[in-house]
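# Structural features, examined
Each chain, written out:
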Amino acid sequence: MHDPDRLIIDRSPGETRIAGLADGTLTDLWIDRIGGAARRAGEIVIARVTAVRPELNAAFVDLGHGEAFLKLGKKAPPPEGSLVAVTVTTDAAGRKQPQAARQIVLAGRFVSLRPDEPEFAIAGTLKAKGKRERLKALLQPLLPPDIGLLVSAKAAEADDIQLITDLTALLTEWKAVDDALAAGDGPKIVRAAPDLESRIRTAFPSAALAESSNGSLFVEEDIDSQIDRALARRLQLSNGIALTFDETEALVAIDVDIAGASASLKAWPQLFEGMTGDLAAEIRLRRLSGLVLVDFPKLPLKSDRDRVAEAMQAAFEDWPSLMQEQPPQVLGWTRSGVLEITVTRTGRSLRDDMMRPVEQHPRAATIALEALRRLLRETQGIAQPEMICAQDVADWLDGPGRKALGETKDKLGGFLKLTPDPAFRLDQIEIGPARR
């Protein structure tokens, strides 16, 4: 599994899209869209405990803007009604609440404060012994007891004042959290979630960056067709196998159809073993999570099933930490020949982001925003452009998408005629000079 070597950040009215590419192949796609649900992952909150569920080893907490499910792990359950500092770890998705954890990390420019982990650590990528000793001698004496610190490799290039200023600011920020907890001041947000672009740049620092506007590089580099492929329910692999993806609230089912593969029964284990990389890549790109069931044609020999399961687990190596700390886990085979995989949920799937938005008209937002990008690319030389579209698309642009529509009009010189046509299909768009 390869991390992206390039990131293309495309900004257009109402939407920012970030594509991760490895050797030209789309590995990841992130979307920040007008009218979409707020992204809370990474937010640090002083939350109030509303209920403790010992049988789940969990609690429910009020974040001030909604409730979250708090995993307790090995920590003692907090009393109901008390305040705790938590990090929102996953966004809400469908009917599932956000999830939170009591592990707090306050990230600075060069160092990250870890109040619950009293350990001083320096990034393993910094090998020079002299530099490591200098950082430890400078920073460790400044730490209060029971507070940990992670020092990044780039701290070695910073001067003493920069490092001390960075650490002092974080300690001041944590003292404010401590004071608020003691005063019963909550629930409230103490550090907002990082914006999407910052999270992606931090997660993949070695990836080359390219800026795009109005989808120009997405079209030029054929990324849009790769997105369409990632949204398709049925996908044909190069070896002739077809995969069918069905996402539900409870689980994700992936059916493996080998009708087009022309392989004998004896060749099935090798065939399945060879496609595990493709399966892992699709699970990653589509952002599938929860219980994932892969329905292979049944392999009679246990040794063959074990080979495929081991290959599937190996395909998840180097799973990006941006998604979750633990890579997907292959649980094994059911009696009916279904391979069970669990993937930690971190938010909405790609299909939920693009095909089932929270707006009134499903898919209208995706089509409307692409139409605005087309307008900006295709109407050069047209003084008074007109866009004809389905009524649902026009309704979305006149409602949740009004800001994006206004931004597009401004870029076009202040004029854009939007004409709904009841006879148009939802995905049908016509662009040209305004009719009289």
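Attention here is on the structure that accompanies the text. Note that the structure is a prediction, hence the values are computed from the model and not measured. (Residues numbered from 1 in each chain as written. Predicted model: local features only at pLDDT ≥ 70, side-chain atom pairs only at ≥ 80, totals over all residues. Heavy atoms only, no water.)

Here we take up the nonpolar core. By size, the foremost hydrophobic cluster in this structure holds 33 residues, and its most contacted members are Ile241, Ile254, Phe272 and Phe296. In terms of residues, this core owes the most to one element, helix α8 (residues 302–315), which gives four residues. Residue contacts for phenylalanine 296: discarding those within four places in its chain leaves Val256, Phe272, Met275, Leu279, Val308, Trp333, Gly337 and Leu339. Residues Ile46, Leu106, Leu126 and Ala156 belong to the second largest nonpolar core, which totals 29 residues. (Core = buried A, V, L, I, M, F, W, Y, C linked by side-chain atoms within 4.5 Å. Buried < 20%, exposed > 50% of the residue type's maximum accessible area, 1.4 Å probe, protein only. Helix = DSSP H or I, 4+ residues; strand = E, 2+ residues; numbered from the N terminus. Contact = heavy atoms within 4.5 Å.)

The four strands are arranged β9-β10-β12-β11 in an open sheet whose pairing can be described as mixed. In this open sheet, the two edge strands, each paired with only one partner strand, are β9 (106–107) and β11 (120–122). With three bridges connecting them, β11 and strand β12 (residues 148–151) associate as parallel partners. Pairing of phenylalanine 120 across the sheet is with leucine 149, part of β12. Across the face of the sheet, helix α2 (residues 160–183) comes into contact with β9, β10 (111–114) and β12 while running at roughly 25° to β10. (Pairing = 2+ DSSP bridges. Axes fitted to C-alpha atoms, helices over the stretch in contact; angles between N-to-C directions.)

Quick look at the packing of helix α10 (residues 364–378) against helix α12 (residues 402–411) now. Between α10 and α12, whose axes approach to 10 Å, the crossing angle comes to 5°. The pairing of α10 with α12 is recorded here as roughly parallel in orientation. Facing Leu369, Leu372, Leu375 and Leu376 of α10, the residues of α12 in contact are Ala404, Leu405, Thr408 and Lys411. Considered class by class, the residues forming the contact of α10 with α12 number six nonpolar, one polar and one charged. (Parallel < 35°, antiparallel > 145°, perpendicular 65-115°, else oblique. Nonpolar A, V, L, I, M, F, W, Y, C, P; charged D, E, K, R; others polar.)

This next bit is on the side chain of serine 212. One can find serine 212 in strand β14 (residues 208–213). In terms of polar contacts, serine 212 uses its side chain to reach the side chain of serine 216, at 3.3 Å. For serine 212, the residues in contact, after removing those within four places along its chain, are Ile8, Ile9, Asp10, Arg11, Leu217 and Phe218. (Polar contact = N/O pair within 3.5 Å; in protein donor to acceptor, adjacent residues only side chain to side chain.)

Moving on, we get to the side chain of threonine 379. Relative to the helices and strands, threonine 379 resides in the loop between α10 and β21 (385–389). Residue threonine 379 is classed as buried on the basis of its relative accessible area, which comes to 4%. A distance of 2.4 Å separates a polar side-chain atom of threonine 379 from the backbone oxygen of leucine 375. Those residues in contact with threonine 379 that sit more than four places away from it in its chain are Arg374, Pro385, Leu412 and Ile431.

Purely geometric numbers; function is a separate question.
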